[in-house]
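# A closer look at the structure
So the chains spell out like this:
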Amino acid sequence: MKNEYTIKKNLPKIRLILTSNVKKALKLVDKYANHDFISDIPLYINLFFYKEKQIDLSKFIEEKLDNIDYNYKTYDMKSYWYDKCRVIKWNYKTNIITIYVDYKTNIIEFFIKKYTKSVMNFIESYIEICVAHFLRINNLIPIHGSAFVIKDKCYTLIGKSGVGKSTTLLQFLDVGGILIANDFFVIDYENKKVYTLDKTIAVRKSKILKKLSIMKNFNKKSLLFNSVQKYYDAQMIFNNFIKCYDIDAITFIEIIDEDKIKIRKLNELESLIYWNNTKIKYPFIIENPIDNYYMFKKIYKSFAFFTIGIPNFKNKKIRKGEKNFTLEEFLECNNEFNSINNRKL
């Protein structure tokens with residue numbers, strides 16, 4: 001095909017290769033951090049945009065999707081499996097997307113009628129799910145959450161959307177913490193490593209964030225895109241941004257109705273409950289609860305599990321220069337975390 005454009009990203013174990021006939025579509029993978037090592041497993045993603053009403057697909061795909069009747073005023077998605085290939089045909093208003101996923105050859109192809117913002121948002125999300133899936137089948141665990149290093153110890157902030165992961169992370173970074181990931185990272189449980197996947201850092205409006213000295217680093221040059229919140233390129237903001245670090249514990253974040261920050265070690269049953277109740281994995285990756293349980297067992301053998309309880313600053317008045325916790329308070333309650341090798345409660 002004429003006018004093809006390609007971008008490559010070295011992710012943990014996976015080399016992401018995106019090709020499209022529309023150059024601006026390459027921005028879909030801008031948020032992924034490019035690691036220094038060369039990954040050995042290629043994942044090919046091809047995005048083809050057509051102006052024609054009929055999309056020219058292979059005979060195999062056309063045979064599978066011939067009998068689908070579309071209502072162009074409603075959302076409609078059909079999914080088919082054949083051998084180790086998946087075909088999805090998605091209709092939204094007057095746009096049509098056909099997705100062909102071949103798990104045998106690591107190829108994902110999108111055939112799209114026209115370029116629109118809503119369609120690109122869908123494709124970006126679907127690419128993220130596919131990347132997470134291929135990481136998972138290569139013994140890496142993709143996790144929705146933040147990760148940082150402070151005082152030579154790596155912490156994760158895993159929790160539901162809106163619980164305060166980014167706000168808490170930025171407070172740690174403001175007092176000398178080192179960023180690994182804000183929203184999406186990968187755990188290699190065999191080698192006890194955590195890897196950056198998403199190099200963006202998101203900022204919502206917050207009374208506390210306005211008072212952080214670190215906020216002066218956020219500017220238009222580092223802004224990648226706007227959504228519900230603003231996303232910035234962390235590599236342009238933080239000189240000490242790191243992409244890989246040793247990790248020996250999984251830490252969940254939760255809001256507590258107390259005045260001081262608390263760290264608490266979890267036993268196996270508590271750890272499983274937090275694992276199941278928190279969005280730590282992307283949809284469609286874990287096929288059934290049994291797979292999820294066996295994945296948890298592998299993780300629990302390698303790591304201790306903790307919760308970091310953050311005072312509910314929304315229920316108290318924030319004065320000038322005040323934070324909802326201090327670094328001293330965090331380090332003071334950190335003795336439990338530092339006794340990490342004592343697994344039995």
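Predicted, not measured: the structure shown is a model, and the values here were computed from it.

Within the structure shown, the criterion is met by 14 aromatic pairs. Ring plane angle 65° and centroid distance 5.7 Å describe the contact between F296 and F305, whose orientation is recorded as edge-to-face. Take F296 and F305: they sit in the same class, and that class is buried. Joined through ring pairs, the aromatic side chains of F252, Y274, W275, F296, Y300 and F305 make up one cluster.

Attention shifts here to the nonpolar core. Among the nonpolar cores identified, the biggest contains 36 residues, and I45, L47, I99, I108, F110, I123 and V131 are the most heavily contacted of them. Broken down by secondary-structure element, the contributors of at least two residues to this core are β2 (14-20), β3 (41-49), β6 (95-102), β7 (107-112), α2 (117-136) and β11 (184-188). Here this core gets 11 residues from one element, more than from any other, and that element is α2. Other than its neighbours up to four places away in sequence, L47 contacts L18, T19, S20, N21, A25, L28, F110, I112, M120 and I123. Counting 30 residues, the second-largest nonpolar core is a separate cluster that includes L179, F218, I237 and I263.

This brings us to the pattern of salt bridges. Scanning all chains against the criterion turns up 7 salt bridges. The residue D246 makes a salt bridge to K193 at a minimum N-O spacing of 2.6 Å. With D246 in strand β16 (residues 244-246) and K193 in strand β12 (residues 193-196), this pair connects stretches of sequence that are 53 residues apart. Classification of D246 as partly exposed rests on a relative accessible area of 46%. Judged by relative accessible area, which is 27%, K193 ranks as partly exposed. K297 serves as the salt-bridge partner of E268, at 2.8 Å between the closest nitrogen and oxygen. On the criterion of sequence distance, the pair formed by E268 in helix α5 (residues 268-277) and K297 in helix α6 (residues 289-302) is long-range, its members being 29 residues apart. Members of the salt-bridge network, linked through shared partners, are K31, E124 and E128.

What counts as what
Residues numbered from 1 in each chain as written. Predicted model: local features only at pLDDT ≥ 70, side-chain atom pairs only at ≥ 80, totals over all residues. Heavy atoms only, no water. Phe/Tyr/Trp six-rings, centres within 6.5 Å; stacked < 30°, edge-to-face > 60°. Buried < 20%, exposed > 50% of the residue type's maximum accessible area, 1.4 Å probe, protein only. Core = buried A, V, L, I, M, F, W, Y, C linked by side-chain atoms within 4.5 Å. Helix = DSSP H or I, 4+ residues; strand = E, 2+ residues; numbered from the N terminus. Contact = heavy atoms within 4.5 Å. Salt bridge = Lys/Arg side-chain N within 4 Å of Asp/Glu carboxyl O.

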